[in-house]
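Structural characterization, general
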Amino acid sequence: MSFRLHQLFDLTGRTALVTGGNSGIGLAMAHALGLAGASVILVARRQAETADSIAGLARDNIDARGILVDLATPDCAKVLTDALARLQAEPDILVNAAGINLRQPFSEVTAEAFDLHMALHLRAPFLLAQALAPCMAAKGFGRIINLASLQSTRAFPNSAPYGAGKGGIVQLTRAMAEEWSKHGVTCNAIAPGFFPTPLTEPVFNDPARAARNAAQTAIGRNGVLTDLWGATVFLASQASAYISGQTLAVDGGFTAK
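None of the values given here were measured: they were computed from a predicted structure.

Counted by the stated rule, this structure contains 2 aromatic pairs. Geometrically, the ring pair formed by Phe156 and Phe194 is edge-to-face, given 5.9 Å between the ring centres and 80° between the ring planes. Taken as a pair, Phe156 in the loop between strand E5 (142–147) and helix H5 (160–180) and Phe194 in the loop between strand E6 (185–192) and helix H6 (201–204) lie far apart in primary sequence, 38 residues in all. Of the residues examined, Phe194 reaches a relative accessible area of 13% and is grouped as buried. Among the aromatic side chains, those forming a connected cluster through ring pairs are Phe156, Phe194 and Phe254.

In C-alpha cells:
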C-alpha cells in the first residue's frame, strides 16, 4: 500500500492523558486527540463534570476514561500513576492543560494563592513528565504538550501569579525537551489566545473587552475551541517528530501585532 500523508497525523492505538480534560481547552484538546484515533484519559477533580465530559466524547465514538486527582497536591503524580496501573494504561501523550487564574490585584495576592498557581502550572507538569516520560522513552515514542499563554510573553492586569506560571512553563517545556527528546519523547507548548472557557468567562462577560481582544488579532476575531484541534493533533503525532522545545501561538495573530 502506498504511503498517504494522513498517516503522519493518525493517533490510532495511542493513549492520551489530558489534565484539566473535563472542560475548556483541555476538553477541546482531548476531543481532537480522540477524533484522531487516540483513547483519552481525562484527569480532573470534579467527578460529575468529568463523567459528563466522558459521555460527550463517547457520543463521538471516542474511547474515554477519567481519573480524579487533585493536581495541586505534592503527591499528585503518585496518585495518578497508581490509578493508571489499575487501568493498565500507559500514556503515549501527556497534555498538561489544568490551570487556574484567580484574577486578583497584585497587592492582594496571598502566598497561598501564589503557591497554588505555581503548583498547577509548573509543579504538576514537572512531576507528571517526571513520572510518565520514562515509560514513553522505553517505547521510543512520546509527546508532551504543555499549555502556555499570551501571558507567557506579556502582562495583563490582575494576573501576576498566572503570568509567572505561564512564563515558567515555556522554560520548563525547553527543559523537558532537552531531557527527553533524544529518547523519542518530544515536548512542546501551545500558547492560546482568547478562547471562551470557564477560565476566561470574566473576559467574555465584558463585550467591550472581548471586542478589543478580537480587534488586537491579525485575523479579527477571538478563538473558538475547534481552532485548537489542528495544532493539538500535529504536536501529538508523528508529523511533529523533529519539533521539540517550541511554543506555538494559536492566537489569531494577537502577538504578531
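To continue, consider the pairing of strand E1 (residues 15–19). Successive residues of a regular strand alternate their side chains across the two faces of the sheet. Most of E1 sits inside the fold, with 5 of its 5 residues counted as buried. The alternating pattern of E1 places Thr15, Leu17 and Thr19 on one face and Ala16 and Val18 on the opposite face, and all of these are buried. With 5 bridges connecting them, E1 and strand E2 (residues 39–44) associate as parallel partners. Bridging across to E2, Thr15 finds its partner in Ser39. With helix H1 (residues 24–35) bridging E1 and its parallel neighbour E2, the resulting β-α-β unit is right-handed. Both E1 and strand E4 (residues 93–96) contribute to a ladder of 4 bridges, which runs parallel. Bridging from a neighbouring strand, Val18 pairs with Val95 of E4.

What follows is about the environment of Pro198. Relative to the elements of secondary structure, Pro198 occurs in the loop between E6 and H6. Along the chain, Pro198 and Ala113 lie 85 residues apart, while their C-alpha atoms are 19 Å from each other. Each residue touching Pro198, except ones within four places of it in the same chain, is listed here: Ser23 and Gly24.

Moving on, we come to the sheet that holds E2. Overall, parallel pairing links the 7 strands, which are arranged E3-E2-E1-E4-E5-E6-E7 in an open sheet. Looking at which strands have only one partner, the edges of the open sheet turn out to be strand E3 (64–68) and strand E7 (247–250). The mean inter-strand angle of the sheet, taken between neighbouring strand axes irrespective of direction, is 20°. Sheet topology places E5 next to E6; 6 bridges connect them, and they run parallel. In the sheet register, Leu147 faces E6, and the bridge partner there is Ile190. Seen against the sheet, helix H3 (residues 76–87) touches E1, E2 and E3 and runs at an angle of roughly 145° to E3. In the packing of helix H4 (residues 111–139) onto the sheet, the strands contacted are E1, E4, E5 and E6, and the crossing angle to E4 comes to about 170°.

Each value, and the rule that gives it
Residues numbered from 1 in each chain as written. Predicted model: local features only at pLDDT ≥ 70, side-chain atom pairs only at ≥ 80, totals over all residues. Heavy atoms only, no water. Phe/Tyr/Trp six-rings, centres within 6.5 Å; stacked < 30°, edge-to-face > 60°. Helix = DSSP H or I, 4+ residues; strand = E, 2+ residues; numbered from the N terminus. Buried < 20%, exposed > 50% of the residue type's maximum accessible area, 1.4 Å probe, protein only. Pairing = 2+ DSSP bridges. Right-handed = clockwise from strand over helix to strand, strands pointing away. Contact = heavy atoms within 4.5 Å. Axes fitted to C-alpha atoms, helices over the stretch in contact; angles between N-to-C directions.

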